[in-house]
Amino acid sequence: MQELAVSRPTIAGVASAAGVSVASVSRVLNGLPATAEMVERVQRAVEDLGYVPDSRARSLKVGRTFQLTLAVADVGNPVYVTMMRAVEEVVSAAGYRLVVTTTGPEVVDEVALVRGMARGYADGLVISPLRVDDDLIKSIRECDVPVVVAGNVPAKAGVDTVRANSPKGVALAVEHLLAKGRDRIAFVNGPVDTVPGAARAKGFADATKHYNLKAAGAIEAADFTFAAGRAAGKQLFKKSRPSAVICANDLLAVGVMHELAAYGLQVPAEVAVIGMDDSELAEQSFPPLTSVNLGSAERGRRAAELLLARIEDDTRTPRRIVVQPTLSVRRSTP
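Just so it is clear, the model here is predicted, and its values are computed rather than measured.

K.L.:
Got a minute to help me understand the sheet that holds strand β5 (residues 160–164) in this structure?
P.N.:
Across a sheet, strands are paired by hydrogen bonds formed along the backbone, either parallel or antiparallel in direction. With parallel pairing, the six strands of this open sheet are ordered in space as β2-β1-β3-β4-β5-β11. Two strands close off the open sheet at either side, each with one partner strand: β2 (97–102) and β11 (320–323). Taking each pair of neighbouring strands and ignoring which way they run, the sheet shows an average axis angle of 15°. Where strand β1 (residues 67–72) meets β2, six bridges bridge the pair, whose relative direction is parallel. Paired with L68 across the bridge in β2 is L98. Most of the contacts of helix α6 (residues 107–116) go to strand β3 (residues 125–127), to which it runs at about 170°, and overall it touches β1, β2 and β3.

Shown next, in the form of structure tokens:
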């Protein structure tokens, strides 16, 4: 007796059973936005038919790797770890694997990475560039796969962007210190030729002008690391004795607090310290660090959602999203 072959359920069969299009089934299976009713119908049809997606065949058919890339300047920076977790949560739910890579601080390496996407190892890119120039903008515009920028690039780049409102974040820090009676405020920034450095320098300049304050010192650190924070703190405290210091990120702030301890100055009794990014480091430092939350998790989530939507429809009008800051008050300020 001849054995009959049992045909494997197909995505077309699921679409027919659910009474929806094949494209709609694909959206639901990939975790992309869909109505609750559509999701329920597709899931019921999948269960009834016993449909199991063949990811290898799907990749060959649609020409996708089902991998996405997240590129950041420094994977050791806690703020990027937070962003990475948020991006990974969104894209994994949509059936993608996330590949994380480091660009370093130089724009030439950022450009090389964007151009390297032509090798076809990923279907899209979320990049958080530390520095931006015309070459990077050109490479993003000409990239063979969709790109979303978690940061600030000019509108002429023509890409989806999600950025923090750093100037407002610095203003929140200044307002908090003034409310606590600390008006001799110094500022420790990273390099001002970077995207975050420029934005935070503008925020401090705007805030001091608004409140008619004279800065008690302003230092441009070599980079955004703990070691640079210590070096900047040593340079600052040789020149002045501020009653508070705002730092451009948490790594710089913790470095400054270590230098304050070396000088025998107590935080916050003698000098208050505020960081930016509100990373895990802020809670782990001693004393726990007051920090401006720039929404790194929210920026990561929104960037991932924009990238998935761009992959499905590359004709969409680019979106420019701004995530607003909040202040997380801890014991490094009075």
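K.L.:
Help me understand the pattern of salt bridges in this model?
P.N.:
Should their charged atoms come close, side chains of opposite charge can pair. Tallied over the entire structure, the rule returns 16 salt bridges. E283 is the salt-bridge partner of R330, the closest N and O atoms lying 3.6 Å from each other. Linking R330 in the segment after β12 (326–328) with E283 in helix α12 (residues 280–284), this pair joins segments that are 47 residues apart in sequence. Here E298 ties to R301 by a salt bridge, and the two come within 2.8 Å at their closest N and O atoms. Of this pair, E298 and R301 both sit in helix α13 (residues 296–312), three residues apart, roughly one helical turn. Since its relative accessible area comes to 29%, E298 is described here as partly exposed. A single salt-bridge network, built from bridges that share partners, covers E298, R301, R302 and E305.

K.L.:
What is the right way to read helix α11 (residues 250–262) from this model?
P.N.:
Helical geometry note: an α-helix holds 3.6 residues per turn, so side chains three or four residues apart project in the same direction. Taking 1.5 Å as the rise per residue, α11 with 13 residues should run 18 Å; its terminal C-alpha atoms sit 18 Å apart, in good agreement. Buried within α11 are the following residues: D250, L251, L252, A253, V254, G255, V256, M257, E259 and L260. The N-cap of α11, judged by a side-chain oxygen 3.4 Å from the amide nitrogen of L251 a few residues on, is N249.

K.L.:
Is there a simple way to explain the nonpolar core in this structure?
P.N.:
One recurring pattern in soluble globular proteins: nonpolar side chains tend to sit buried together. Core analysis: the largest hydrophobic core is formed by 53 residues, its most contacted members being L68, Y96, V188, V245, C247, L260 and V273. Ranked by residue count, the leading element in this core is α11, at seven residues. Core analysis: the second largest hydrophobic core is formed by 19 residues, A71, M117, V147 and V153 among them.

About the criteria used
Chains are numbered independently. Their residues run from 1 in the order of the written sequence. Residue-level local features of this predicted model are given only where pLDDT is at least 70; pairs of side-chain atoms are given and counted only at 80 or more, and the full residue set underlies all totals for whole chains, interfaces and linings. Water and hydrogen atoms play no part in the side-chain values, which are based on all heavy atoms of the structure. Pairing between strands is defined by DSSP: at least two bridges between the two strands are required. Each helix is a run of H or I in the DSSP string that is no shorter than four residues. Each strand is a run of E no shorter than two, and both are numbered from the N terminus. To obtain an axis, a line is fitted to C-alpha atoms, over the contacting stretch when the element is a helix, and the angle between two such axes runs from 0 to 180 degrees between their N-to-C directions. Any pair of residues with heavy atoms lying within 4.5 Å of one another is described as a contacting pair. Here, a salt bridge means any side-chain nitrogen of Lys or Arg that lies within 4 Å of a carboxyl oxygen of Asp or Glu. Accessible area is worked out with a 1.4 Å probe on protein chains only. A residue is then buried under 20% of its type maximum, exposed over 50%, and partly exposed in between. To estimate how far a helix should extend, the number of its residues minus one is multiplied by 1.5 Å. Contacts described as polar in this section are N or O atom pairs within 3.5 Å, which, within protein, must combine one atom able to donate a hydrogen with one able to accept it, while residues neighboring in sequence count only if both atoms come from side chains. Within this scheme, the nonpolar core is defined by two criteria: the residues are buried Ala, Val, Leu, Ile, Met, Phe, Trp, Tyr or Cys, and they are joined through side-chain atoms within 4.5 Å.

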